[in-house]
Structure formats: C-alpha cells, structure tokens
Amino acid sequence: MTLMDNIGSLAKRRGFIYPGSEIYGGIAGFWDYGPLGVELKNNIKREWWKSMVYARDDVVGLDAAIVMNPEVWEASGHMSSFTDPLVECKACHKRFRSDKPELLAAHEKEHKEKVEWTEPKIFNLLTEVLLGVTEPKMTAYLRGEITQGVFVNFRNVVDSSRVKVPFGVAQIGKAFRNEITPGNFTFRSREFEQMELEYFVRPDEKNASEVFEYWKQARMAWYLSLGMNKTKLRFREHEPEERAHYAKKAWDIEYEAPFGWSEFEGIHHRGDWDLSRHKLVYTDPETNEGYTPWVIETSGGVDRATLFFLIDAYVQEEKRIVLKLHSRLAPVKAAVFPLVSNKPDIVKKAREVYTLLKKHFVASWDDRGNIGKRYLSQDEIGTPWCLTIDYDTLGSDTVTVRDRDTTSQTRVNISQLQSYIQEKLGGTI
Ligand code: GAP
C-alpha cells in the first residue's frame, strides 16, 4: 500500500472523506466529507478566517453567490481564457490535458499499440447551468473562481463599510471547474472550496511589490503555524507562459505530496485587470482623487489544504497510526473514557466530565473494549487528549489525561480540565 492508499483508506474508514455518490458508482471529481472530515475542514476555514479577518483591521468578509450574471465571466476574461488544451485518444476516446505529458505517457502505457492523439482543442473549464422555466433557458455558469464576487461587490463594500485603500476582502466558498482529468484523490476535483483574500492597493509598483511579498510570507507562516512540516513546503514562481490571464506575477506555495510537488495556494498580482474590466474605480475619501486600485490576491484551496494537512500529519509508528494534526485542527479535541463500563459510579462521573467538556470543545465518548484499543482508535483520528475516569477519580476528582504525541499521562483536577485544554489550544477555539 502506498501512502496515498493509506490516507484514502483511513479517510474512508474513519469518516473523513468519501467518494461522491458512491452507491451509484461515484462521479469523477466529486467528494463528500464525513463526520470527521467536515470538522477538520471547518477548523481549517475557521483558523483562516480568524487570521485573515478577525485579527486585522484592514480586511472585511464577504459571501457572494455562486451563480452570477454571465456577463461577469465575459468581462473577467474567463469565457475566452479560462481554458485547458484537450486531446483525445483515437482508440478509446478518453480525453486528457495535452499539457500534462505524464498523464499522456501513463495512458500510452495502458495501450499495447502506439496511441494516436487528436489535435489539441481548447476546452473551457466553466461549468454551465441552465436557469429559468421557459425555453430557451438562460445559460449561466457555476463560478470558476470565487474571486469575481468580490470585484462585482467592490462598490457595495466601499459604500457600506468603513474600508479605505489599502484594504482587503476575504471570502471562502465553493468553486467549480470542469476539469478534464480530475485525480490524485481530492487534489484535482470538479467541485472544491477556495479561501481567498483580494487586497486592494494604490497603483504603485514599489508598494504593490512590498504588499505582495508581505502576503507571500504571511501565507507561508500560517501553514507553518498550524504545524505543517517546513521541509515539505516551498515557494515556486510561475513562468510567464504559465500565468493565468489576469496575473502580472504569480507565486505558488507547494507541498511535497506523494505525487510530487503540488500547488495548494497561489499569491497573485492581478494589477488593475479585474476592476478595470468591470469598469470600477475608487475615489480617495480624503483627496477626492479617482483611480483604479491594484489587487494582490492570496488564493488557497480548502480541499488541497485539508488533504495536505492529513498527509503531513499521518505517522505510521511501530504499534499505531497517529494523525499528528495541530490540536486546533484536530476534529475531536478530547475523548472521554470510563475505565470500566460496568461500574455505575465511574460511568456517571465520566458522563459528567463528558457533558462539561462538550459545552466548550468537540468531545467524544468511548466505553468499548479496553483502554489501549480506545487510545489507538483516537490516535488514528488525531484526538490530542484522552481522558480516563478511574477508581481514583471517585476520591480525588482528578482524571488521567493522556497526550496523543508523547503518550505520557498526567492527572488533572476536573475543575481545571477546561482551562487545561483551552491553554494547550492557545486561547479561544
Ligand atoms: N482566484 C485565483 C484562483 O482561482 P487558482 O490558482 O486557479 O487561482 C487557487 O486556484 C487555488 O484553488 C489552488 O491553489 C488550489 O488550491 C485550488 N484549486 C484550483 N483548482 C482546483 C481543483 N480542480 N481541485 C481542487 N482545488 C483546486
């Protein structure tokens, strides 16, 4: 089994990620998040929102609609430029991106004879939706990036909040791309979530470069602060021919996945591309000067971050599999165990502890099998603390707290449990 097989199997077995519509044979490029997966993904999004919006005075949030007036996509350049080159195998009619030689080579190996390919065709990645009740229905698009919702609301945000350039608008939401070759588990999906910041600055190259560098470093620091292994992360600058149609400059943050170095966040200098295409200007409230701000963007994939946090945390030790997720990302913060399940006093006390903790953290209860098995089960889903209520608890009001990473145990008074965990999580959750 490869690491990706192990991650896929753990994700399915323990309820992190399931193939979409599985009982009907699945659907390529769509995934569902199970009970633990939704917690992990929400924790990532919450941490992002806290650092990008709540911790700052210069960023506000937004949640724009997924379907927009189709003219948005004409103006943004996505109708003409949001494309991949597609080729078809003449023997089996399977389609591939012609700019991915590794995929073509893998397909060629599957066929015994030499493969003949069609000429590359330009394929637009926007996903069409048909709206309305009368024919012909209106063709609209599921957004290919969440970004345009920020630009079309630029004036609304400026007029309705107290932001002044430089300022940013942060957004998290679903995007859709009709990817030709979805693959590598959730890495390339057709439906995925993005977490983005559009930061508006004065049109000045020196200033824009400084802001660009600031966000580049800030975004890398965020992944490191949540425990990602530094040696698995790197920056990579886009070659001019790789850049998206809107980008003057682009750097990726990449993770060394089992399938190679892979982008999971982009920092883009979009210049005045978007605002000028939407014919939007800004008036400085102090000088009355009108100009088109430039945009520095940080665009991360929630699903890719979730996948890479999972891969990064996966540790196979001699006797156990541990997900060493940062405690703030762990889906369950504490698991509560009565040492035995047939002593009513112990079970009652354990229930009290469980009820108390559930008011503050995601906690889980386990009274099956022996303590060793319960530890293994929690290690595999990354629960940082396991609390055992035993005979001593009845006299001392203390419980055993076992640490996931060190497996060391310490006794903590029940009245101190909340602050003990809170402190280890680094304040509020
Ligand atoms: N607004 C800019 C933008 O959308 P992008 O580089 O095309 O830039 C940003 O996408 C991020 O969105 C990527 O770094 C990746 O994390 C995520 N993403 C893009 N396509 C994806 C796909 N097919 N499946 C999963 N995530 C994807």
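For the structure itself, look to the data block above.
What comes next concerns the included structure.

Considering the sheet that holds strand E21 (residues 363–365)
Turning to step 1, where the next piece is worked out: Sheet architecture is open: five strands sit in the order E21-E20-E22-E23-E24, paired in mixed fashion. Two strands close off the open sheet at either side, each with one partner strand: E21 and strand E24 (409–413). Taken over all neighbouring pairs, the strand axes of this sheet differ in orientation by 30° on average, direction set aside.
Turning to step 2, where the next piece is worked out: As paired elements, strand E22 (residues 385–389) and strand E23 (residues 398–403) share four bridges and run antiparallel to each other. Counterpart to Thr388 in the pairing with E23 is Thr400.

A few points about the site of the ligand
Turning to step 1, where the next piece is worked out: The immediate surroundings of the ligand are formed by 20 residues, with Glu145, Thr147, Ser189, Glu196 and Glu263 found nearest.
Turning to step 2, where the next piece is worked out: Between the ligand and Arg177, the relevant distance is 2.8 Å, taken from an oxygen atom to a side-chain nitrogen or oxygen of the residue.
Turning to step 3, where the next piece is worked out: Glu179 places a side-chain nitrogen or oxygen 2.8 Å from a nitrogen atom of the ligand.
Turning to step 4, where the next piece is worked out: Protein coverage of the free-state accessible area of the ligand, which is 560 Å², stands at 93%.
Turning to step 5, where the next piece is worked out: Secondary-structure elements contributing two or more residues to the shell around the ligand are strand E11 (191–201), strand E14 (260–271) and strand E17 (294–301).
Turning to step 6, where the next piece is worked out: No other element matches the five residues that E14 contributes to the shell around the ligand.

So, the side chain of Glu198
Turning to step 1, where the next piece is worked out: Tracing the backbone shows Glu198 in strand E11.
Turning to step 2, where the next piece is worked out: Apart from residues lying up to four places away in sequence, Glu198 is in contact with Thr147, Val150, Phe151, Phe167, Gly168, Val169, Arg270, Val295, Ile296 and Glu297.

Digging into the nonpolar core
Turning to step 1, where the next piece is worked out: Membership of the largest hydrophobic core comes to 55 residues, with the highest contact counts inside it found for Phe16, Met195, Tyr223, Phe264, Phe308 and Phe309.
Turning to step 2, where the next piece is worked out: Looking at this core element by element, the count peaks at eight residues for helix H10 (residues 302–313).
Turning to step 3, where the next piece is worked out: If sequence neighbours within four positions are ignored, Phe308 has contacts with Phe187, Met228, Tyr255, Ala257, Phe259, Ser262 and Phe264.
Turning to step 4, where the next piece is worked out: Among the nonpolar cores identified, the runner-up in size contains 20 residues, and Phe361, Leu387, Val399 and Val412 belong to it.

What counts as what
All residue numbers refer to positions counted from 1 along the written sequence of the respective chain. Only residues with pLDDT of at least 70 are given local features in this predicted model, and only at 80 or more are side-chain atom pairs given and counted; all residues enter the totals for whole chains, interfaces and linings. Hydrogens and water are ignored here; the side-chain numbers use all heavy atoms of the structure. For two strands to pair, DSSP has to find at least two bridges joining them. Helix and strand definitions follow DSSP, with helices as H or I runs of at least four residues and strands as E runs of at least two, each counted in order from the N terminus. Only the stretch in contact is used when fitting a helix axis, every axis being a line fitted to C-alpha atoms; angles between N-to-C directions are given from 0 to 180 degrees. Distances are taken per atom, and a residue is near a molecule or strand as soon as one of its heavy atoms is within 4 Å of it. Polar contacts here mean pairs of N or O atoms no more than 3.5 Å apart (in protein, one a potential hydrogen donor and the other a potential acceptor; neighbouring residues in sequence count only if both atoms are side-chain atoms). Accessible surface area values rest on a Shrake-Rupley calculation with a 1.4 Å probe, where residue burial reflects the displayed protein chains alone. Any pair of residues with heavy atoms lying within 4.5 Å of one another is described as a contacting pair. We define a nonpolar core as any set of buried Ala, Val, Leu, Ile, Met, Phe, Trp, Tyr and Cys residues linked to one another through side-chain atoms lying within 4.5 Å. For every residue, the accessible area (1.4 Å probe, protein chains only) is compared with the maximum for its type, and the residue is labelled buried under 20%, exposed over 50%, or partly exposed between those bounds.

Bear in mind that shape data such as this cannot, by itself, settle questions of function.
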